[in-house]
Amino acid sequence: KERNPLGLHFDLTVPTARYVLENAGHLNFPFKRYSIQPVWRGERPQDGRFREFIQADIDVIGDEVLADHFEVEIPLVMVQAFDALRELGVPEAGIVANNRKLLEGFARGLGLDDVTSVLRAIDKLDKIGPEKVEELMSLGVSRLMSRLVGANRALTATRGVPTAVLVAVTAEDQRAEADQIATALRRRGIPVDVSPSADKFGKQIRFAER
């Protein structure tokens, strides 16, 4: 059987990984990039999925170690993007985080011991409804979920390229203050980045000069 000679992008992750591998000696880490373009699925699409679709990809790639705060930075960029789209008339959209570790970590942060039972109860939300789920849990699911997603977003993030100002971080417990300074400067139209780690000032300055 003759194979189709055409080749189409099936995702944006593999090309990114190849680019980083081939250019690692010339990149500054953590390496940040984004890409938005059409991609295609080679297999038969399932119900509700399309063979061709637009993928928006945001990646932060570290050198051996990647700071935990990037797990927060990327969702903040997504929130900023959706807010900008609403200003253009795009209807309100929801962000679904498909990661069980988020719920597990949140439940442990609330001091819940039997996390497995909590997750099992939440998994039944669509089938039995919030009232029945609440009966299965000592903590109401509505309270749990509202604290997880946060009805009032207090943080925003934006980024200009290239960066004109780098906010230094003297210690990781002061990162929140550094983020507030960066946000205030961005509101004035100044492209700002926050140091990815609380290294010595010399190393942070070298990072800023790249």
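Going by the structure above, here's the rest.
It should be emphasised that the depicted structure is a prediction, and the values quoted were computed from it without experimental measurement. (Residues numbered from 1 in each chain as written. Predicted model: local features only at pLDDT ≥ 70, side-chain atom pairs only at ≥ 80, totals over all residues. Heavy atoms only, no water.)

Undergrad: Explain the side chain of threonine 16 to me, using residue names and the numbers behind them.
TA: Examined against the element boundaries, threonine 16 turns out to sit in helix H1 (residues 13–23). The buried category is assigned to threonine 16, whose relative accessible area is 7%. Setting aside its immediate chain neighbours within four residues, threonine 16 contacts Arg33, Asp57, Asp59 and Ile61. (Helix = DSSP H or I, 4+ residues; strand = E, 2+ residues; numbered from the N terminus. Buried < 20%, exposed > 50% of the residue type's maximum accessible area, 1.4 Å probe, protein only. Contact = heavy atoms within 4.5 Å.)

Undergrad: So what's going on with the pattern of salt bridges? Which residues, and what values?
TA: Within the structure shown, the criterion is met by six salt bridges. A salt bridge links glutamate 22 to arginine 18, with the shortest nitrogen-to-oxygen separation between them at 3.0 Å. Linking glutamate 22 with arginine 18, this pair stays in helix H1, spanning four residues, or about one helical turn. In this structure, arginine 175 engages glutamate 172 in a salt bridge whose closest nitrogen and oxygen atoms are separated by 2.9 Å. Since its relative accessible area comes to 6%, arginine 175 is described here as buried. What you see here is one network of salt bridges that share partners, running through Arg33, Asp57 and Asp59. (Salt bridge = Lys/Arg side-chain N within 4 Å of Asp/Glu carboxyl O.)

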